[in-house]
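# Fold and contact review
Spelled out, the chains give:
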Amino acid sequence: MNNQDSIQDDEIEIEEEIEVSVYDNIAELARELEAYEEAPDEAILEAWKSTYGKFFVSSILGDDTIFIWRTINRTEYKQMINTGVAKNQNSYEDAVVRKCCLWPKITGEGLASSDAGVVPTLSKQILYKSGFVSDQMALSLIKVI
Amino acid sequence: MNIFNSGKYGVAIPLTGLEVNINGLVYKDPICIARLLSIHELERYNNFDTQSPQSMMMIEEEIIENVFESFLGITERVDWGKIDAGVISTIVKSIIIKSQYMIIDIINTVENYKSSFNVIHSIAAIVSRFSATPYDQVENLPISEIIRRYSILQATFPEEIHPLQAPE
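Throughout what follows, the structure given in this document is the object of discussion. (Residues numbered from 1 in each chain as written. Chains lettered and ligands numbered in written order. Predicted model: local features only at pLDDT ≥ 70, side-chain atom pairs only at ≥ 80, totals over all residues. Heavy atoms only, no water.)

What follows is about a nonpolar patch on the surface. A cluster of nonpolar residues, Val 144 of chain A together with Tyr 113 and Phe 117 of chain B, forms a patch on the protein surface that exposes about 270 Å² of accessible area. Looking at where Val 144 of chain A falls in the secondary structure, it is placed in strand β5 (residues 143-144). By relative accessible area, Val 144 of chain A is classed as partly exposed at 35%. (Patch = residues over 30% accessible without salt bridge, like charges linked within 9 Å, V, L, I, M, F, W, Y side chains within 5 Å. Areas by Shrake-Rupley, 256 points an atom, 1.4 Å probe, with all protein chains shown as cover. Salt bridge = Lys/Arg side-chain N within 4 Å of Asp/Glu carboxyl O. Helix = DSSP H or I, 4+ residues; strand = E, 2+ residues; numbered from the N terminus. Buried < 20%, exposed > 50% of the residue type's maximum accessible area, 1.4 Å probe, protein only.)

Here's what the structure looks like:
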């Protein structure tokens, strides 16, 4: 089993436990974010939406700490895999989160000081929404026609 | 290609629960139409190193090139570089697992197919055999033409093709 598989194993559980929202109503999100320091405003959110097509908002512990992130595309994924980063699960998770987290800005220092489960959980959310699913789910999706 | 003629001999993979970025537009729950692997492709796949993420990534892209037909309702060519990274992996994984599963569970697979057939498929097989026409060509004929040809064959070769009987 490679790192990617182990990350995907429990994506269904993640979906149930953690609220991951795709935001279409930018203005509403911008209003909610006003309470946060250095949060993106409506113009930045619109720009992200226009650049990435969609973005997601999630929290890890169900508290006020939220993350805004996008999915990873195939070209970015290929570049990441070709660096060999996927050989180490922690490095892989860090790379996914660094690449896709739009807000708050993720720094090396931030990663090191965050609670231990934040980066693994966030990377699972990102990979799941990027289309990576478990073997079991992949088999359940397919229908012979 | 439309909903009636896409995916012949194929599979549908509804990417349920995903909003997928395809050619710059976001599609909710898109349905991928593809086909399963051939015996030759499956044997080749089994010989490759699928443990390394790099090699698996390359295998996935070779397979998608061979088996992908379309996303239902999307006619333009898919830009695979810009699609969400796991979509290719999920489609290919579904296809590989389903192809393997059908072989492993071949008795049930055959029985499931049998239960989905009815008399018109048998009639098509008879028409195919007695008119030396490939079965897939017969299957593409309008129902009326299949039955007309069957009637001719049955009248011409009554010894070999027995008349249909109403179920008791």
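Once the structure has been displayed, the description carries forward.
All names here are of chain B. Under the counting rule described, the total for this entry stands at nine aromatic pairs over all chains. Measuring from centroid to centroid gives 4.8 Å for Phe 68 and Trp 80, while their planes differ by 85°, and the two rings are edge-to-face. With Phe 68 in strand β5 (residues 68-71) and Trp 80 in the loop between β5 and α3 (85-104), this residue pair connects regions lying 12 residues apart in the sequence. The class of Trp 80 is partly exposed, set by a relative accessible area of 22%. Residues Phe 130 and Phe 157 carry aromatic rings whose centres are separated by 5.8 Å and whose planes lie at 35° to one another, so their mutual orientation is tilted. Of the two residues, Phe 130 sits in helix α5 (residues 119-130) while Phe 157 sits in the segment after α7 (143-156), which places them 27 residues apart along the sequence. Linked through ring pairs, Phe 68, Phe 71 and Trp 80 together constitute an aromatic cluster. (Phe/Tyr/Trp six-rings, centres within 6.5 Å; stacked < 30°, edge-to-face > 60°.)

All names here are of chain A. With burial as the criterion, each face of strand β3 (residues 66-69) is covered, one bearing Ile 66 and Ile 68 and the other bearing Phe 67 and Trp 69. Bridge analysis of strand β2 (residues 56-59) against β3 gives four bridges, and the strand direction is antiparallel. Bridged to Phe 56 within β3 is Trp 69. Between the end of β2 and the start of β3, which pair antiparallel, lie six residues, with Gly 62 showing a positive phi angle near 75°. Looking at chain direction, β3 and strand β4 (residues 101-103) are connected through two bridges and run antiparallel. Opposite Trp 69, over in β4, you have Cys 101 as the bridge partner. (Pairing = 2+ DSSP bridges.)

Okay, the pattern of salt bridges next. All chains considered together, the criterion is met by 13 salt bridges over all chains. The residue Glu 76 of chain A makes a salt bridge to Arg 70 of chain A at a minimum N-O spacing of 2.9 Å. Assessed through its relative accessible area of 15%, Glu 76 of chain A is described here as buried. Between Lys 78 of chain A and Glu 61 of chain B there is a salt bridge whose closest N-O contact spans 3.0 Å. Remark: Glu 61 of chain B occurs in helix α2 (residues 53-67) and Lys 78 of chain A occurs in helix α5 (residues 74-82); the pair is interchain, linking two chains. Its relative accessible area of 30% is what places Lys 78 of chain A among the partly exposed residues. Each of Arg 74 and Lys 78 of chain A together with Glu 60 and Glu 61 of chain B takes part in one network of salt bridges that share partners.

Looking now at the side chain of Lys 93 of chain B. Relative to the elements of secondary structure, Lys 93 of chain B occurs in helix α3. Among the polar contacts made by the side chain of Lys 93 of chain B, one reaches the main-chain carbonyl oxygen of Val 133 of chain A at a distance of 2.6 Å. (Polar contact = N/O pair within 3.5 Å; in protein donor to acceptor, adjacent residues only side chain to side chain.)

Turning to the sheet that holds strand β4 (residues 31-35) of chain B, a few remarks are in order. The strand order across the open sheet formed by four strands is β5(A)-β1(B)-β4(B)-β5(B), and the pairing between neighbours is antiparallel. Taken across any chain shown, the strands that pair with only one partner, and hence form the sheet edges, are β5 of chain A together with β5 of chain B. Direction of pairing for strand β1 (residues 10-14) of chain B relative to β4 of chain B: antiparallel, over a ladder of five bridges. Its bridge partner being in β4 of chain B, Val 11 of chain B is matched across the sheet by Ala 34 of chain B. Packing against the sheet, α3 of chain B makes contact with β5 of chain A together with β1, β4 and β5 of chain B, and its axis sits at approximately 135° to β1 of chain B. (Contact = heavy atoms within 4.5 Å. Axes fitted to C-alpha atoms, helices over the stretch in contact; angles between N-to-C directions.)

Contact with chain A, which involves 37 residues of that partner, is made by 42 residues of chain B. Counting the surface lost from both chain A and chain B, the interface buries some 3100 Å², and carbon and sulfur atoms represent 58% of this. On the chain A side of the contact with chain B, Arg 74, Ile 142 and Ile 145 of chain A bury the most area, a combined 24% of that side's loss. Applying the counting criterion to the chain A and chain B interface returns five salt bridges. At the boundary of chain A with chain B, the tally comes to 21 residue pairs in polar contact (both at pLDDT 80 or more). (Buried area = accessible area lost by both parts, 1.4 Å probe.)

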